[in-house]
Amino acid sequence: MPAVSFTGQPSERPPMYAVLSATRDGASVQLMGRDLQPVGPPDVTDRDGLPSLVHSLNDRRTADSPTSLRWVWADTTRWYPSLLAAGLRIERCHDLRLTRRIIRGSSLTADSHLAGRGEDHWDRATPASPPAAAPEALFDAPDDTFGGLAFADVDVLGEFAAQQDAISGSPSPRRLSMLVAAESAGALIAAEMSHAGLPWSAQLHDAVLTEALGPRPRLGDRPAILEDVRIEVAQALGNPSLNPDSATSLLRALREAGLDVESTRSWELQRIEHPAIEPLLRYKKLSRLMTANGWAWCDAWVRDGRFRPDYVVGGVVTGRWATSGGGALQIPHQIRRAVVADPGWTFVVADAAQVEPRVLAGMARDEAMAAAGQGGDLYSGIVATSALSTREEAKLALLGAMYGATTGASADLMPHLRRAFPTAIEYVAAAAAAGERRESVMTWWGRTSPQPGAWPTQESAARTAGRSWGRFTRNFVVQGSAAEWAMSWMAILRGQLSTLTLADRPDAGAIAPGAAPAPFGNHPHLVFFVHDEIVVHTPIECAGEVADLVRDAATAAGHLMFGDFAVDFPLSVAVVDCYADGK
DNA sequence: GAACGCTGCGCG
DNA sequence: AAAGCGCGCAGCGTTC
């Protein structure tokens, strides 16, 4: 079992904090003990001197603080990219902007001073844009404001104290500090993944596009194959100038051809027999490929063999990450062909199986569901209990339970699922009922659902809105807690990966002809994350070790959340040179 | 010509 | 088989 270093507890010696505040022309760092009393005078530096100051403090080890410092700062997106650019990493942080939002919103800290105050700049602050994606910086003054306040005027120490006070005064300080640590570790990981970038071959990307669409057309022209398919559709519908990209005119054309359709969605069209349908579905695929991930996308988002998504930690209400620009969380499987490891390197691609129902089993302490998931595929495990008869049925039923299906095949299977797993099903039903009563619900570690907006006064509309909000809160507890598991998984893994260091491998220089950018060098590092799936880019010789660490981290994350209530978190792990071969 | 809502589809 | 969760993004079509 790997040590869990990102949380700073439960077994470590007292941590030492390094509280980093902006000054007019640089920064100051105040070291503090666990009691939040200053240790020595602050170190002050100008902007250029910050990396070397951080470096020297990172290296500092004292009898009181054998572990690394936890850096406390207003906003990882404002500090960390430049430290990474200088070749530095830090081990742990407390991101006050992200954690402020959690603490202000959590039912666990509703009585704290922090929650009682009016909105201020901390609540208004948004993540800084990544350096490369901010061309406006050429024209405007550099953005040194934080939620409307000059960055140098932000009271970092005061905010940290207020947050610590809120956490320690809550009924479940352990849960909230786990969440705060995981969210902050997520902020570091997100910045590091953007810095490292996902290896991306523009050449292979072009090959995929050319095979599907024909050669790249000149600016303004349409790819030859796409246009050919459009003409096929248009002729089959007797409408030569048809533009299938217009849903309105396509629907009209389909109806004029005598087809009884409600919409132009692919799944609806699939069930229709007509010569236009096959080419139309083909057209939709190709058109989607070109507009979403075509040559223009590659030009815009791939630089120097890397795709650098801008991750937005906590960007989703549930705590899932979002991304802005480039659609990083929706990269089609088809285009993952272009994701290839550097020479001498490979990928460890790991996908966690059925995280949401497993987390549900842990939260509800549903022994039967946990047992069904033991060791392998949860859906098959459910079939083995005879609760449902096929894997597909089990999957459909479980998804329906977590999304709140009310009609159709999924809803029909619910009684069977409830009979087999009453405890788990009751857990999500209670979350739904709370939402219908307009009450908030919490994830396992205390992230709390927002208040619903205005409610309709008309009775049936109010009922509909209630059901809808109930489906949201039902899913919130599951999706949000799964996000907590995933962040813990990554954070633990990150801590373990950093132990595979050059120091252990004096000949490591020979491993990788083309090393990753500093500070990664020859070290395995995370390069991609999508909700329950991670990609580690690693020197080939470390791949086996990395795969083991990935599995161990999944197990450790499960224990971190649910203690000795045994819930398995099995992974599918692949060592592959191309991301498309990961599954 | 910018801003916005709608439709549709990619991902989990 | 085609609804029930969470997103981001592109293109269309309307509005200001």
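Look above for the structure.
In this report, the structure presented in the accompanying data block is examined.

Conventions used here
Residues numbered from 1 in each chain as written. Chains lettered and ligands numbered in written order. Predicted model: local features only at pLDDT ≥ 70, side-chain atom pairs only at ≥ 80, totals over all residues. Heavy atoms only, no water. Near = heavy atom within 4 Å. Polar contact = N/O pair within 3.5 Å; in protein donor to acceptor, adjacent residues only side chain to side chain. Helix = DSSP H or I, 4+ residues; strand = E, 2+ residues; numbered from the N terminus. Pairing = 2+ DSSP bridges. Nonpolar A, V, L, I, M, F, W, Y, C, P; charged D, E, K, R; others polar. Contact = heavy atoms within 4.5 Å.

**What to know about the protein's contact with DNA strand C**
- Close to DNA strand C lie 29 residues, the nearest being Ser246, Gly325, Gln330, Ala405 and Phe472.
- Each atom of DNA strand C within 4 Å of the protein was classed as base or backbone; sugar and phosphate made up 79%.
- One of the side-chain N or O atoms of Asn243 is found 3.4 Å from a phosphate oxygen in DNA strand C.
- Note that a sugar or linking oxygen of DNA strand C is positioned 2.9 Å from one of the side-chain N or O atoms of Arg471.
- Those elements that provide at least two residues to the surface near DNA strand C are α12 (277-293), β12 (322-324) and α20 (459-497).

**A word on the sheet that holds strand β9 (residues 302-303)**
- Within the open sheet, the three strands sit side by side as β8-β10-β9. Their pairing is antiparallel. At either end of the open sheet lies a strand with only one pairing partner, and these are β8 (198-199) and β9.
- As paired strands, β8 and strand β10 (residues 306-307) are joined by two bridges and run antiparallel to one another. Bridging across to β10, Leu198 finds its partner in Phe307.

**Some details on the protein's contact with DNA strand B**
- In the vicinity of DNA strand B there are 20 residues, among which Thr264, Ser266, Gln330, His333 and Asp532 approach most closely.
- For DNA strand B, the backbone portion of the atoms within 4 Å of the protein, that is sugar and phosphate, comes to 76%.
- For DNA strand B, a phosphate oxygen lies 2.5 Å from a polar atom in the side chain of Ser266.
- In the model, a phosphate oxygen of DNA strand B is placed 3.2 Å from a nitrogen or oxygen of the Lys285 side chain.
- Looking at which element gives the most residues to the surface near DNA strand B, the answer is α12, with three residues.
- A per-class count over the surface near DNA strand B returns four nonpolar, seven polar and nine charged.

**Some details on the environment of Phe476**
- Structurally, Phe476 can be placed in helix α20.
- Each C-alpha atom, one on Phe476 and one on Ala431, is 8.4 Å from the other, the two residues being 45 residues apart in sequence.
- Discounting residues that sit within four places of it in the chain, Phe476 has contacts with Val317, Thr318, Val441, Thr443, Arg447, Thr448, Ser449, Pro450 and Ser481.

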